[in-house]
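So the chains spell out like this:
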Amino acid sequence: MEQRFDVAVIGGGPAGLIGALDLARLRRRVILFDGGRPRAAMIPVSHNYPGALEGMPGTRLLGTLREQLGRYAVETVHAAVERLDTREDGDVEVRWSGGALAVPAVLLATGAADIEPEMPHLAEARRSGHLRYCPVCDGYEVIDQRVGVIVADDAGLGEVSYLRQFTASLTVLLVHGHRISEAARRSLRETGTPCFDTVTQAIRAEGAEVIVPHAGGEFRCDSLYCALGMRVHSGLATALGATADAAGYLEIDPHHRTGIPGLYAAGDVAQGLNQITVAFGGAAIAASAIHLDLRARGR
Ligand SMILES: Cc1cc2nc3c(=O)[nH]c(=O)nc-3n(C[C@H](O)[C@H](O)[C@H](O)COP(=O)(O)OP(=O)(O)OC[C@H]3O[C@@H](n4cnc5c(N)ncnc54)[C@H](O)[C@@H]3O)c2cc1C
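Treat the numbers as computed from the prediction; the structure is a model and nothing was measured.

The rules behind these values
Residues numbered from 1 in each chain as written. Predicted model: local features only at pLDDT ≥ 70, side-chain atom pairs only at ≥ 80, totals over all residues. Heavy atoms only, no water. Near = heavy atom within 4 Å. Polar contact = N/O pair within 3.5 Å; in protein donor to acceptor, adjacent residues only side chain to side chain. Areas by Shrake-Rupley, 256 points an atom, 1.4 Å probe, with all protein chains shown as cover. Helix = DSSP H or I, 4+ residues; strand = E, 2+ residues; numbered from the N terminus. Nonpolar A, V, L, I, M, F, W, Y, C, P; charged D, E, K, R; others polar. Phe/Tyr/Trp six-rings, centres within 6.5 Å; stacked < 30°, edge-to-face > 60°. Buried < 20%, exposed > 50% of the residue type's maximum accessible area, 1.4 Å probe, protein only. Salt bridge = Lys/Arg side-chain N within 4 Å of Asp/Glu carboxyl O. Pairing = 2+ DSSP bridges. Axes fitted to C-alpha atoms, helices over the stretch in contact; angles between N-to-C directions. Expected span 1.5 Å × (residues − 1). Arc of directions from axis to C-beta. Contact = heavy atoms within 4.5 Å. Disulfide = S-S within 2.5 Å.

1. A look at the site of the ligand
- As a structural note, the neighbourhood of the ligand is formed by 34 residues, with R39, N48, V81, D268 and I276 the closest of them.
- In this structure, an oxygen atom belonging to the ligand sits 2.9 Å away from a main-chain N or O atom of R39.
- N274 is positioned such that a nitrogen or oxygen atom in its backbone is 3.4 Å from an oxygen atom of the ligand.
- For the ligand, whose unbound accessible area comes to 1,000 Å², protein coverage reaches 95%.
- Broken down by secondary-structure element, the contributors of at least two residues to the shell around the ligand are helix 1 (14–25) and helix 8 (276–296).
- A per-class count over the shell around the ligand returns 17 nonpolar, twelve polar and five charged.

Quick look at the structure:
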């Protein structure tokens, strides 16, 4: 099999783009596979992006990173990688709909996806900032607001507790047909947190407010958080035998190596602290480790 590349980077979000950039600048021959739906593209405006005083929209961030990467000889394939295999010679075989190639190292930066409520106009609600996904990122923006949190089980209530740091006005919106435990309901009563069984399909925005109908009437708030969990895109690695934690995040060492020789991971696929800066930092550490490990292998 032809060997034109030192590293395949899988994923064209912040982690993959910075990983590819750093590797290209280390004079590594890089091929980038971009499946095309980065979570970062869903950020209306990030207010914790370093140096962006007026905030940074996700699409602008990605556009700038792609332009920066475009200055280097990195080959980009706009397709999803379907399968990885380890070979006897220590290389990793990468397969996609357009072909296959073998590389000494792979940086997996495939991210994760939010499990979303079924509702029309979801994209508009996200774009307008009415519907939020990441209190670590933007809890600061909802200080003292009326906030509703969409949950489907007890696990989602962790986000309600986390949000208390930012506002006392919290309401739980339980997705129709789902349940929380009696203990969880008791704890919500004790903290004075209303809980409505809702039909999320009927959520609508009206001016600056979001309106959620429920059996007893309508709930109005300033912002909604979705706490339905994440689907981590770690399948390519776990199929090779890499280990993931209970939430699906890949386990990595301090240099971002998975347990599989030649396979590294960075960004949301490997770290539960889902942040752009964490993705950048992880990708930089992984790129440096890949470069040094390849040198140690005489490549
Ligand atoms: C609404 C919202 C607001 C947010 N706000 C902030 C914020 O203000 N600040 C902040 O720091 N973070 C924020 N985040 C989190 C941030 O978007 C993520 O932490 C960041 O995008 C992670 O980067 P990543 O490269 O790991 O993953 P992603 O951005 O998801 O990119 C992963 C890429 O891998 C590709 N891919 C997946 N599988 C394959 C495959 N098999 N083959 C090829 N490609 C594949 C995907 O198509 C995607 O393009 C927010 C997230 C959301 C949803």
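2. As for the packing of aromatic side chains
- Throughout the structure, instances matching the rule amount to four aromatic pairs.
- Between Y49 and F280, the aromatic rings sit 6.1 Å apart at their centres with planes inclined by 75°, giving edge-to-face as the arrangement. Of the two residues, Y49 sits in the loop between strand 2 (30–33) and helix 2 (58–69) while F280 sits in helix 8, which places them 231 residues apart along the sequence.
- We classify Y49 as buried; its relative accessible area is 16%.
- Ring geometry for Y162 versus F166: centroids 6.3 Å apart, planes at 45°, classification tilted.

3. Re the pattern of salt bridges
- Taken as a whole and assessed by the stated rule, the structure comprises 25 salt bridges.
- Residues E116 and R126 are paired through a salt bridge, measuring 3.1 Å at the closest nitrogen-oxygen approach. Pair noted here: E116 is in the loop between strand 8 (112–114) and helix 3 (122–127) and R126 is in helix 3, with a separation of ten residues, a long-range link.
- Residue classification places R126 among the buried residues on the basis of a relative accessible area of 13%.
- Two residues, R185 and D197, come together in a salt bridge whose shortest N-O distance is 3.7 Å. Residue R185 is found in helix 6 (residues 182–190), and its partner D197 is found in strand 12 (residues 195–198); the two are separated by twelve residues along the sequence.
- For R185, a relative accessible area of 24% gives the class partly exposed.
- Using a relative accessible area of 44% as the deciding quantity, one classes D197 as partly exposed.
- Residues participating in the shared-partner salt-bridge network are R146, R204, E206, E209, E218, R220 and D222.

4. Description of the sheet that holds strand 4 (residues 81–86)
- Pairing in this open sheet of three strands is antiparallel, and the strands run 4-5-6 from one edge to the other. Only two strands of the sheet have a single partner each, and these edge strands are strand 4 and strand 6 (99–103). On average, each strand axis in the sheet is inclined to that of its neighbour by 20°, with strand direction left out of account.
- One ladder, built from five bridges, connects strand 4 with strand 5 (residues 92–96); its direction is antiparallel. If you follow V81 over to strand 5, its bridge partner there is W96.

5. Considerations on helix 2
- Compared with the 16 Å implied by 1.5 Å per residue over twelve residues, the 17 Å span of helix 2 between its first and last C-alpha is a close match.
- Turning to helix 2, its buried residues number three or more, namely G58, L61, L62, L65 and L69. Around the axis of helix 2, the buried residues are gathered within 95° of arc, so they sit on the same side. Every exposed residue of helix 2 that faces more than 90 degrees away from the buried side is listed here: T59 and E67.
- Packed against the buried residues of helix 2 are helix 1, strand 2 and helix 8.

6. Examining the state of the cysteines
- Taken as a whole and assessed by the stated rule, the structure comprises one disulfide.
- Here C134 connects covalently by a disulfide to C137, the sulfurs 2.2 Å from one another. Residues C134 and C137 share a disulfide whose torsion about the S-S bond is about 65°; that sign makes it right-handed.
- Looking at C195, it has no disulfide partner, and the nearest cysteine sulfur is the one in C221, 14 Å off.
- Owing to a relative accessible area of 22%, C195 belongs among the partly exposed residues under this scheme.
- Cysteine C221 remains unbridged, with the sulfur of C226 as its closest cysteine sulfur at 13 Å.

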